[in-house]
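Okay, here's what each chain looks like letter by letter:
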Amino acid sequence: MSADYNPLELLVCVASRIIEDNSTAFVGTGVPMAATMLAQKLHCPNVTAIFEAGGVAPILPGLPISVGDSRTSHKGFMASTMNDIMETAQRGMVDYGFLGGAQIDMYGNLNSTMIGDDYRKPKVRFPGSGGANDIGSLCWRTVVITPMDTRRFVEKVDFVTTPGYLTGKGAREKAGLPLGSGPYKVITNLAILGYDEETCRMRIESVNPGVTIEDVHKNCGFELLEAPQIEKTHEPTEEELRILREEVDPDGYIIRR
Amino acid sequence: MSADYNPLELLVCVASRIIEDNSTAFVGTGVPMAATMLAQKLHCPNVTAIFEAGGVAPILPGLPISVGDSRTSHKGFMASTMNDIMETAQRGMVDYGFLGGAQIDMYGNLNSTMIGDDYRKPKVRFPGSGGANDIGSLCWRTVVITPMDTRRFVEKVDFVTTPGYLTGKGAREKAGLPLGSGPYKVITNLAILGYDEETCRMRIESVNPGVTIEDVHKNCGFELLEAPQIEKTHEPTEEELRILREEVDPDGYIIRR
Amino acid sequence: MNNETTDIEEGEEELFTPVDPDEMRAAFHKKSRALKDKVTTVKKAVSELIHDGDYLAVGGFGHVRIPTAILYEIVRQNKKNLGMAGHTSIYDSDLLATSGCLNRCDISYVIGYEIRGLSASARRAFESGKIKVTDWSNGALAWRFFAASAGLSFIPTRILLGTDTFKRSAAKTVTCPFTGKKYAALPALYPDVGIIHVHRADTYGNCQIDDGILISDTYLARASRRLIITTEELVPHEEIRANPQATVIPYWCVDAVVEVPYGSHPGNMPGKYWFDEDFFKMYLQGVKTEEGTKKLYDEYIYGVDDFHEYIDKIGGTEKMMELRNIEKLIFSRT
Amino acid sequence: MNNETTDIEEGEEELFTPVDPDEMRAAFHKKSRALKDKVTTVKKAVSELIHDGDYLAVGGFGHVRIPTAILYEIVRQNKKNLGMAGHTSIYDSDLLATSGCLNRCDISYVIGYEIRGLSASARRAFESGKIKVTDWSNGALAWRFFAASAGLSFIPTRILLGTDTFKRSAAKTVTCPFTGKKYAALPALYPDVGIIHVHRADTYGNCQIDDGILISDTYLARASRRLIITTEELVPHEEIRANPQATVIPYWCVDAVVEVPYGSHPGNMPGKYWFDEDFFKMYLQGVKTEEGTKKLYDEYIYGVDDFHEYIDKIGGTEKMMELRNIEKLIFSRT
């Protein structure tokens, strides 16, 4: 029997597991940052964290608050420009990108711009793309980390800030986006979701501890496909939790918000 | 009566006089370098020398041998990239550029690529553009420094490496080159040449000491126009020669080749 | 010569800045290359170089290495109808939007404070309908600055395509003449005024930034018609010449230099001081209401005469030493 | 959506390298990101990473900060049918052209030695008809490397237009979708192999160049499918981490690292040693005849086993100290 953990701790641990060693990853603040640090301390000592403002592979003296702050280049390999980093991604050298968003649809399209049906009179205005459109356009595999409910997982996002598979198979390529790039996984409090290769539609691949497949469907605003075999997400191990709490985020900036 | 001087010394002194203070100038090796240094020590303390490899405003410990060598950034304001420097010129921030070439025509078009009538089988192959096409395309005013004879000043250059006024007034703009840029002066051992505003054709503006207007015409392979009033080029002053010989090029790298 | 027919797709929102490279070359032609003392005060820099209606671009990462003193002074002088590149923009765009100085904004990131949450006042301002917006991404604005710094009118890129971000931008598409592939053509962004805070500058305006996280500041500096630099420290010209490889902005880009120690507060200044999290907490709490906002702005901006007085108000050098200790890992408060 | 008809003008010469950004992304996708020891020898780097037919790009300024050891080894291993970017190219292209390794070249500057005059052997090689050439300018190749480093297939520029340099290039024209203005569209240049000499590298390949005169090396490094680094000095990884702002080439670009002290001889290595003018004088004199050329190449390249032996031959550490003294203004011989 495993230790107690909260939903954020689960998200971080699950996200950390899908990172591969010897890969490059665009890292944002919050959960992706904690997940990358955790992965580095466990199975991915040689994942290279890249920050969009220019920092590369820092030895983090603490969790960065911003993707542009001084911790993102602390004893790093390189400190560079946003242009260089984006060009590196456009050239095909960045494997993973992590994203969030207020809304997501069945093709993994993300909205972080606005709620409403009139762009010039939004009901709610969000920050906008930031680096999300760039990451979603240019990285090989984008991973979304988000809580799951019917307000977030919607039939149609109010605004496509960041491209998922757009309208389905072949649509990214037709739009001019780089071949072979696109959404990879969606990591939520309820399940790990992936994409069906034929249709590029989102599907359930693994349900989290204590969650049923039915729960996942109920909390999604569109019809989710199901992988041929749906796994059970492993609970956070004691080692994961210990390192996460003691070394990665001892101040609870991310996991005890 | 002025001191003795050789033709190269005359070229350097005359070239140095047309540089304006508080301007930026693309500087190449050889005569332009010596002219810029001389100008800096006389009437242009604040001309900023820019080298195409990335050096800016060095305190020269000696004449650079290459536009990319370590002297070009010695105690300079900045050491940068060729891209940055070319972009600076393309943006309109570089006032003067100095050029040479094996052939020049009446519109100031320059050849430093080849002699012959078949590009794929040149009679003589020269180094090529180097930065010349960039300088001739992007700087506000380009100044050519060259000895004058009918082999160099030709009706038609074998290859337009670097754009002068191309085929005449308006041709640069039509080709897509930046508005208002182009040839300014040609400094030779016989005369200072400029361009007629209406036709963009080369004209005699000043004849050098001991040279007649007739001499200038005889040494030119095309019909040269004449400025309404043709000046006499001032001889190098003793101060110019002293500084040139003692401070700028004490080893005679440029002026005693 | 080939004949090619191309469909151009176009974003629908407004392009706020000029793109003609010859118009901009003419402007840069007139820009002074004189090596002269450009040191001035925050007040003068803002009153002389920033005019109502100008379009601004702010260096740093919105709450990292920001020219706070200039931003406060713009608010204090109540500049009107400003435009702005909301590029990686946090405290900077919040100040200008909340104070009513802003009437148009190219957005890649505004309102948000990264993991700290959102600014309620910035959201109110951007939802008020009083600020015209056009949407982009961080990469898009970074490349738009690059294109301008290179004296171009556009640059091809592979972002924005297929999204509403493209539709609500002022980008177009362009076809590669070599591959036939479709690119998003981003229009160059030439700001009227750039404002950047640096670690070190000489009186001519040659600037060095220590940590190397340059975001797009080198391009933004080059792209701007006018450029105001605030610096933690003015140094003798010889100190710049001792390390030319560290100069990232040459003097010819710069119109004014102001020495403003602690000039990025409450933002982080790499190698110098960490974020003032207490201040941000108070600020984000305060701006939740209109009254709270007014009180904050009266207290820290309208009610102080200059940045020295502001620094006294937020805790003076003692507070700044504390933030330095966190930044330099001498003591950690958290 | 607008419908626009554009006339595309085209240069007539051959484009030697691929431009499709998706083809190149696929290649970069496969490039290892592993943090591993990449230290090897000159011999192995050349035999394993450079193949007959490859297209090369060489860093530095042709006789400044050049990877001489790799160039000599290419000649020694008698690689065939190589292509090359003749960008600010002096000793580098001369060696490959004279030795018969080269069969195609994008030229911006070759044959010449700046104020030293011309290389007779390079001229013979380029006039022999055995090397296919396409002409460009320094700026053109610099921007072609940039476009490749940015993962594009082209970049618009305002050079080449109206000239035979355009006609004998492989550039095309492109129309700006915003202004309708005509640009020279330069095709991205993705070399098969980049070769760069630096001041300092760690075993992973993170590189630092001291003087800051980078020419286009940062772009060339990023644009290359494979990248060989020679370094004056291998340093512990921690030394790189102590100054991340000084790193100009990140490890992920690099396939091999070789420590080669004096590795730019007879070229200048900024801050380390000046040009060996005696050597250049001898070289330029020698290559005036075929026999002289053969003698020189036998003596200094074919007849030596490695770069240590070569350095002994040119005067060893005593000579290198002399060149250091000139470079560092300790003594000046001239």
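Now for a look at the structure at hand. (Residues numbered from 1 in each chain as written. Chains lettered and ligands numbered in written order. Predicted model: local features only at pLDDT ≥ 70, side-chain atom pairs only at ≥ 80, totals over all residues. Heavy atoms only, no water.)

Points about the overall build of chain C
Defined as follows: A run of DSSP states H or I qualifies as a helix once it reaches four residues; a run of E qualifies as a strand once it reaches two. Both are numbered from the N-terminal end. Every radius of gyration here is taken over C-alpha atoms, with the globule rule written as 2.2 Å times N^0.38, N being the number of residues. When accessible area is computed with a 1.4 Å probe and restricted to protein chains, residues below 20% of their type maximum are described as buried, those above 50% as exposed, and intermediate ones as partly exposed.
In terms of regular secondary structure, chain C is built from 13 helices and 13 strands. What you see for chain C is a C-alpha radius of gyration of 20 Å, in line with the 20 Å of a compact globule of 334 residues. Expressed as lengths along the three principal axes of its C-alpha atoms, the size of chain C is roughly 70 × 50 × 35 Å. For chain C, the proportion of its 334 residues judged to be buried stands at 68%.

A look at the pairing of strand S10 (residues 141-145) of chain B
Residue and element names in this part refer to chain B. Definition in use: Here a strand pair is declared whenever DSSP counts at least two bridges between the two strands.
Within S10, 4 of the 5 residues are buried, which leaves it mostly tucked inside the rest of the structure. As judged from the 4 bridges shared by strand S5 (residues 96-99) and S10, these two strands associate in the parallel manner. Bridge pairing in S10 places Phe98 opposite Val143. Pairing geometry for S10 and strand S11 (residues 182-187), over 5 bridges, is parallel. Note on S11: the bridge partner recorded for Arg141 is Gly182.

Digging into the interface of chain B and chain D
Note the following rule: Any two residues whose heavy atoms approach within 4.5 Å are treated as being in contact. Two parts placed together each lose some accessible area; with a 1.4 Å probe, that loss summed over both constitutes the buried area. Within this document, salt bridges are pairs made up of a side-chain nitrogen of Lys or Arg and a carboxyl oxygen of Asp or Glu, the two lying within 4 Å of each other. Any pair of nitrogen or oxygen atoms within 3.5 Å is treated as a polar contact; in protein, a donor-acceptor pairing is required on top of that, and neighbouring residues in sequence qualify only through side-chain atoms on both sides.
On the side of chain D, 60 residues touch chain B, which itself brings 58 residues to the contact. Buried area between chain B and chain D, summed over both chains or domains, comes out near 4500 Å², and the portion from carbon and sulfur atoms is 57%. There are 2 salt bridges connecting chain B and chain D. One salt bridge connects Asp135(D) with Arg125(B), and the closest N-O pair in it is separated by 2.8 Å. The interface formed by chain B and chain D holds 30 residue pairs in polar contact (both at pLDDT 80 or more) in total. Secondary-structure elements contributing two or more residues to the side of chain B that touches chain D are helix H3 (82-90), strand S9 (124-125), helix H4 (132-138) and helix H5 (171-175) of chain B.

Things to note about the sheet that holds strand S7 (residues 172-175) of chain D
Residues and elements named next belong to chain D. The test is simple: A fitted line through C-alpha atoms serves as each axis, taken over the contacting stretch for helices, and the angle formed by two N-to-C directions is quoted from 0 to 180°.
Read across the sheet, 3 strands follow the order S6-S8-S7 without closing on themselves; strand pairing throughout is antiparallel. With partners counted over all chains shown, the strands left at the sheet margins are strand S6 (154-157) and S7, one partner each. Between one strand and the next, the sheet's axes are offset by a mean angle of 45 degrees, whatever the strand orientation. With respect to the sheet, helix H6 (residues 138-149) is in contact with S6 and strand S8 (182-187), its orientation differing from that of S6 by roughly 140 degrees.

Structural notes on helix H7 (residues 238-248) of chain B
Inspection of H7(B) places Glu240(B), Leu241(B), Ile243(B), Leu244(B) and Val248(B) among the buried residues, and these make up the whole buried set. Its buried side turned inward, H7(B) meets helix H1 (7-17) and helix H2 (31-41) of chain B.

Considering the pattern of salt bridges
Tallied over the full model, the rule gives 73 salt bridges over all chains. Salt-bridge contacts for Arg168(C) lead to Glu13(C); the nearest nitrogen and oxygen are separated by 2.7 Å. Placement of Arg168(C) in the loop between helix H7 (164-167) and strand S7 (172-175) and of Glu13(C) in the loop between strand S1 (2-8) and helix H1 (21-30) is noted, with a sequence separation of 155 residues between them. Judged on exposure class, the residue Arg168(C) and its partner Glu13(C) are both buried. Residue Arg124(C) pairs with Glu290(C) through a salt bridge whose shortest N-O separation is 3.7 Å. Highlighted residues: Arg124(C) in helix H5 (residues 120-127) and Glu290(C) in helix H11 (residues 290-302), separated in sequence by 166 residues. Through salt bridges with shared partners, a single ionic network connects Arg120(A), Glu12(C), Glu13(C) and Arg168(C).

Re the sheet that holds S7(C)
All names here are of chain C. With antiparallel pairing, 3 strands are arranged side by side in an open sheet as S6-S8-S7. Every interior strand has two partners, whereas the edge strands, strand S6 (154-157) and S7, have only one. Here the strands of the sheet are splayed against their neighbours by 45 degrees on average, with no regard to which way each runs.

Brief notes about the environment of Lys156(B)
The topology assignment puts Lys156(B) in the loop between S10 and H5. In this structure, the C-alpha to C-alpha distance between Lys156(B) and Asn109(B), residues 47 residues apart in sequence, is 9.0 Å.

Focus: the packing of helix H4 (residues 91-98) of chain D against helix H10 (residues 277-286) of chain D
Residue and element names in this part refer to chain D. Under the convention used in this document: Each crossing gets its handedness from the near helix: less than a right angle anticlockwise from the far helix is left-handed, clockwise is right-handed. Note that Gly is not counted as nonpolar here; it falls among the polar residues with everything else outside the nonpolar set of Ala, Val, Leu, Ile, Met, Phe, Trp, Tyr, Cys and Pro and the charged set of Asp, Glu, Lys and Arg.
Contact geometry of H4 with H10 gives a least axis separation of 14 Å together with a crossing angle of 35 degrees. Remark: the crossing between H4 and H10 carries left-handed chirality. Taken together, the residues of H10 that come into contact with H4 (itself represented by Tyr91, Asp94, Leu95 and Thr98) are Phe279, Phe280 and Tyr283. Its residues assigned to classes, the contact of H4 with H10 comprises 5 nonpolar, 1 polar and 1 charged.

Looking at the state of the cysteines
Residues and elements named next belong to chain B. Note the following rule: Pairs of cysteine sulfur atoms within 2.5 Å are identified as disulfides in what follows.
Scanning all chains against the criterion turns up 0 disulfides over all chains. This cysteine, Cys44, is not joined by any disulfide, and Cys13 carries the nearest cysteine sulfur, 13 Å off. Not part of a disulfide, Cys200 finds its nearest cysteine sulfur in Cys220, a span of 17 Å. Accessibility expressed as a relative area gives 8% for Cys200, which makes it buried.

Looking at the environment of Glu291(D)
Inspection of the secondary structure puts Glu291(D) in helix H11 (residues 290-302). Between the C-alpha atoms of Glu291(D) and Ile213(D), which are 78 residues apart in sequence, the distance is 37 Å.

Some remarks on the interface of chain B and chain C
Taken residue by residue, the interface counts 32 residues in chain B and 28 residues in chain C. Here chain B and chain C share an interface that buries about 2600 Å² over both sides, 57% of which is from carbon and sulfur atoms. The three residues of chain B that bury the most area against chain C are Phe77(B), Arg91(B) and Met93(B), which together make up 33% of that side's buried surface. Our enumeration of links across chain B and chain C arrives at 2 salt bridges. Only strand S2 (48-50), strand S4 (78-79) and H3 of chain B provide two or more residues apiece to the side of chain B that touches chain C. Looking at the side of chain B that touches chain C residue by residue, the classes come out as 16 nonpolar, 11 polar and 5 charged.

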